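Observations on the model geometry
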Amino acid sequence: TGTDLRGQLIAALERSGLPQDAWSCDFTEPGAGLIRQVAELATNHDRIVVAGGDGTIGLSLQGLSRSGQTDCALGVIPLGTGNDLARELHLFEDFRDGGLEALLQAFLLDRTAPLDLGSINGGQATMINYLSLGLDGKATEMFATRRVLGGRKSILANKLRFAQAGIAALFQ
């Protein structure tokens, strides 16, 4: 759960040797609240770490983009259903193999890379990694209405729901 992860993250940050006044650990707000929250954090921090999947990453990048703080790095703890970007950047494997502490250390030791962002509808949305239209977009939209957020059991259930949405989109 988010509370469990928050406790683990705080413990890892305390063991990292960083002074306690150099970091904060907050729960993220949903949807547009996350965009605003990241934009505000980016004005006072050079690194922000979020826990979630591609949706959380997209909203966070939109917040960074809106803040204008192009030097602020975004770290990701991959907890989403697909984790497409985290897999592409090998963060998912680092997290799976080394756990939270290894992932956090890599980020704190400057294992960062610049990424190109795309803007849609005059900055209303930010994209990274890929843009999909047609069948894939329809399946994603159908999945978004069926998914279950939170809990360990939901990852497998959500993968099954995504497959079901993909099959259903084929026949629409």
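Use the structure listed above.
Read on for a plain summary of the structure. None of these values were measured; they are calculated from a predicted model. Each chain carries its own residue numbering, running from 1 in the direction its sequence is written. With the structure being a predicted model, the display of local features is reserved for residues of pLDDT at least 70 and the display and counting of side-chain atom pairs for 80 or more, all residues being used for whole-chain, interface and lining totals. Side-chain numbers come from the whole structure's heavy atoms, not from hydrogens or water.

1. Section: a nonpolar patch on the surface
Our working rule: Residues enter patches when their relative accessible area tops 30% and they take part in no salt bridge; the joining distance is 9 Å for like charges and 5 Å for the nonpolar side chains Val, Leu, Ile, Met, Phe, Trp and Tyr. Residue-level accessible areas treat just the shown protein chains as cover; the underlying method is Shrake-Rupley with a 1.4 Å probe. Any carboxyl oxygen of Asp or Glu within 4 Å of a side-chain nitrogen of Lys or Arg constitutes a salt bridge here. Helix numbering and strand numbering both begin at the N terminus, where a helix is a DSSP run of H or I of at least 4 residues and a strand a DSSP run of E of at least 2.
Judged by side-chain polarity, Leu-135, Ile-167, Leu-170 and Phe-171 come together as a nonpolar surface patch covering roughly 470 Å² of accessible area. Relative to the elements of secondary structure, Phe-171 occurs in the segment after helix H7 (153–170).

2. Focus on the nonpolar core
Convention followed: Think of a nonpolar core as a cluster: buried Ala, Val, Leu, Ile, Met, Phe, Trp, Tyr and Cys residues, connected wherever their side-chain atoms sit within 4.5 Å. Relative accessible area decides the class of each residue, using a 1.4 Å probe on protein chains only: under 20% of the type maximum gives buried, over 50% gives exposed, and in between gives partly exposed. The criterion used for residue contact is that any of the two residues' heavy atoms lie within 4.5 Å.
Counting 27 residues, the largest nonpolar core has Leu-9, Ile-48, Leu-64, Leu-74 and Ile-77 as its most contacted members. With residues up to four places along the chain from it excluded, the contact list for Leu-64 reads Val-38, Ala-42, Ile-48, Gln-69, Cys-72 and Leu-74. Formed by five residues, the second largest nonpolar core is a distinct cluster that contains Ala-139, Met-142, Phe-143 and Ala-169.

3. With respect to the pairing of strand E1 (residues 47–52)
This is how the line gets drawn: Between any two strands, pairing holds if DSSP finds at least two bridges.
Taking every second residue as pointing to the same face, the buried face of E1 carries Ile-48, Val-50 and Gly-52, while none of Arg-47, Val-49 and Ala-51 on the other face is buried. Where E1 and strand E2 (residues 73–78) come together, six bridges link them in parallel fashion. If you follow Gly-52 over to E2, its bridge partner there is Pro-78.

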